[in-house]
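# Coordinate inspection notes
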Amino acid sequence: VRILMLRTTILVILAAALLSTTDAFAPITNFGRALPTRAPAYAISRRPDVSIHQGMQKVSARRLRTAVAAAPEDSSMVARDMEQNIYNFNKVVIDTVYDIICLLYPVTGGPRDFARFYVLETVARVPYFAYLSVMHLRETFGARDSGLGERMRTHYAEADNELHHLLIMEALGGNSSFIDRTVAQSMAFGYYWYVTAVYSFSEQAAYHLSELIEDHAYNTYNKFLTEHEAKLKSMPVPPIARKYYEEDNPFLFDLFCTVKDVDASGQFSQRRPRLESLYDVFVNVRDDEREHWKTLCNLVQYNDMQG
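Nothing here was measured: the structure is a model prediction, and the numbers come from that model.

Rules used in this analysis
Residues numbered from 1 in each chain as written. Predicted model: local features only at pLDDT ≥ 70, side-chain atom pairs only at ≥ 80, totals over all residues. Heavy atoms only, no water. Helix = DSSP H or I, 4+ residues; strand = E, 2+ residues; numbered from the N terminus. Contact = heavy atoms within 4.5 Å. Areas by Shrake-Rupley, 256 points an atom, 1.4 Å probe, with all protein chains shown as cover. Buried < 20%, exposed > 50% of the residue type's maximum accessible area, 1.4 Å probe, protein only. Core = buried A, V, L, I, M, F, W, Y, C linked by side-chain atoms within 4.5 Å. Salt bridge = Lys/Arg side-chain N within 4 Å of Asp/Glu carboxyl O. Expected span 1.5 Å × (residues − 1). Arc of directions from axis to C-beta. Phe/Tyr/Trp six-rings, centres within 6.5 Å; stacked < 30°, edge-to-face > 60°. Lys NZ or Arg CZ within 6 Å of the ring centre and 35° of its normal. pLDDT = per-residue confidence, 0-100.

### Things to note about the overall build of the protein chain
In terms of regular secondary structure, the protein chain is built from twelve helices and zero strands. Along its sequence from the N terminus, the protein chain presents helices and strands in the succession α-α-α-α-α-α-α-α-α-α-α-α. The contacts in the protein chain between residues at least 6 apart in sequence include a share of 82% that link residues at least 24 apart. Total accessible area on the protein chain is roughly 14,900 Å²; 59% of this is exposed by carbon and sulfur atoms.

Below, the structure written as structure tokens:
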């Protein structure tokens, strides 16, 4: 297994090195070909119309991504098209993985729910350090693209946020089973190399994979909050959640929130309520996934985090 891992690592490094030629850092093309024209780019719903306290409803993927072109606030930015075959393939890959997780870990309101969230968070955080791996390698070979450093810092902040989601699920006992840990880590290992390879050839396709994952994650947590509100409000806050959301320096937390909902004083970090129960913890986790989704939508459509 170690020899296989080493060989895989060498192959990925060699592939990325080949891409570090003059054309490697040109505007995104789809696996070496110019992005062809298809139906208009799907629209972004900036704020899913879900009220935490007034009967939350599931935000469907169809409504988040309709087949209508989104008119960006900045008229100088034009949404990019994405090849239909790549879009459909990504949907099949992510929906299949998600369906497998749902089959193995149905949400029942019991302790096993946290095992499902542990698996989901283990896989969901992988793409961000896959992106960073490729970016660091390109930087090593001389890439000095405008905005590269800012994007790397944002992806690190996103990975840190997902790490704390994972630590919360571990604190709730989600990783107590050896089988669950093996399933999650095996999926994460394979998915890391897959995203690394895809990102090396097409950043848009790789970001779209994560956009789909974050969409599933948001809907999963939203449904969980809706169906088990009373139980969650009776459960205590894990210490790691209180430390992350209330005590730690909010710099990294605010950094990954690239599409900010600013309050009257101009502070975004105040969106985090005080944690009174486990319900509040999952509200924050759910809303974090929405922030990731908004950033990824912008990267897919505009190749810009504030698109």
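### What to know about the environment of A241
You can see A241 is positioned in helix α10 (residues 239-247). Judged by its relative accessible area of 0%, A241 is buried. C-alpha separation for the pair A241 and D280, spaced 39 residues apart in sequence, amounts to 9.9 Å. A241 has contacts with I168, E246, L275 and V281, leaving out every residue within four places of it along the chain.

### Topic: unusual backbone geometry
Its identity is not glycine, yet N303 carries a phi of approximately 55°, on the positive side. Note on placement: N303 falls in the segment after α12 (278-302).

### Section: the nonpolar core
By size, the foremost hydrophobic cluster in this structure holds 34 residues, and its most contacted members are M82, I94, Y131, M135, Y191, Y199 and Y207. Where this core is concerned, the elements lending two or more residues are α3 (84-104), α4 (112-124), α5 (126-140), α6 (148-171), α7 (178-201), α8 (203-227) and α12. Membership of the second largest hydrophobic core comes to 30 residues, among which are A115, M169, F256 and F282.

### As for the pattern of salt bridges
Under the counting rule described, the total for this entry stands at ten salt bridges. Salt-bridge contacts for R151 lead to E203; the nearest nitrogen and oxygen are separated by 3.4 Å. Here R151 is found in helix α6, whereas its partner E203 is found in helix α8, with 52 residues between them in sequence. Judged by relative accessible area, R151 falls into the buried class, the value being 12%. As a salt-bridge pair, K233 and E229 come within 2.7 Å of each other at their nearest N and O atoms. Residue K233 and its partner E229 are located together in helix α9 (residues 229-233), separated by four residues, close to a single helical turn.

### Quick word on α3
The α-helix advances 3.6 residues per turn, and as a result positions three or four apart in sequence lie on the same side. Taking 1.5 Å per residue as the helical rise, α3 with its 21 residues ought to reach 30 Å, and the 30 Å between its terminal C-alpha atoms agrees with that figure. Where α3 is concerned, the buried positions are I86, Y87, N90, I94, Y98 and I101. Relative to the axis of α3, the buried residues are bounded by an arc of 100° and lie together on one face. The outward face of α3, more than 90 degrees from its buried face, is lined by the exposed residues N85, V92 and L103.

### Considerations on the packing of aromatic side chains
Counting across every chain of the model gives 17 aromatic pairs. Centroid distance F117 to F224: 4.9 Å. Interplanar angle 75°. Geometry classified as edge-to-face. Here F117, found in helix α4, pairs with F224, found in helix α8; they are 107 residues apart in sequence, far enough to count as distant. Residues F117 and F224 agree in their burial class; the two are buried. Geometrically, the ring pair formed by Y131 and Y207 is edge-to-face, given 4.8 Å between the ring centres and 70° between the ring planes. With Y131 in helix α5 and Y207 in helix α8, this residue pair connects regions lying 76 residues apart in the sequence. Each of the two residues, Y131 as well as Y207, counts as buried. An aromatic cluster is defined as three or more aromatic residues linked by ring pairs; in this entry it consists of F114, F117, Y221, F224 and F282. Cation over ring: K233 sits above Y279, and NZ or CZ is 4.9 Å from the ring centre.

### Remarks on the confidence of the model for the protein chain
Within the protein chain, residue pLDDT values average 77, and 70% of them lie at 70 or more. A low-confidence stretch, residues 15-72 (pLDDT under 50), is modelled with 122 contacts involving residues beyond four sequence positions or located in other chains.

### Notes on α12
Helix length check: α12 (25 residues) gives 36 Å between terminal C-alpha atoms against 36 Å at 1.5 Å per residue, within 8%. In terms of residue burial, α12 counts as a mostly covered element, since 25 of its 25 residues are buried. Positioned one or two residues after α12, N303 has a phi angle of 55°, which is positive.

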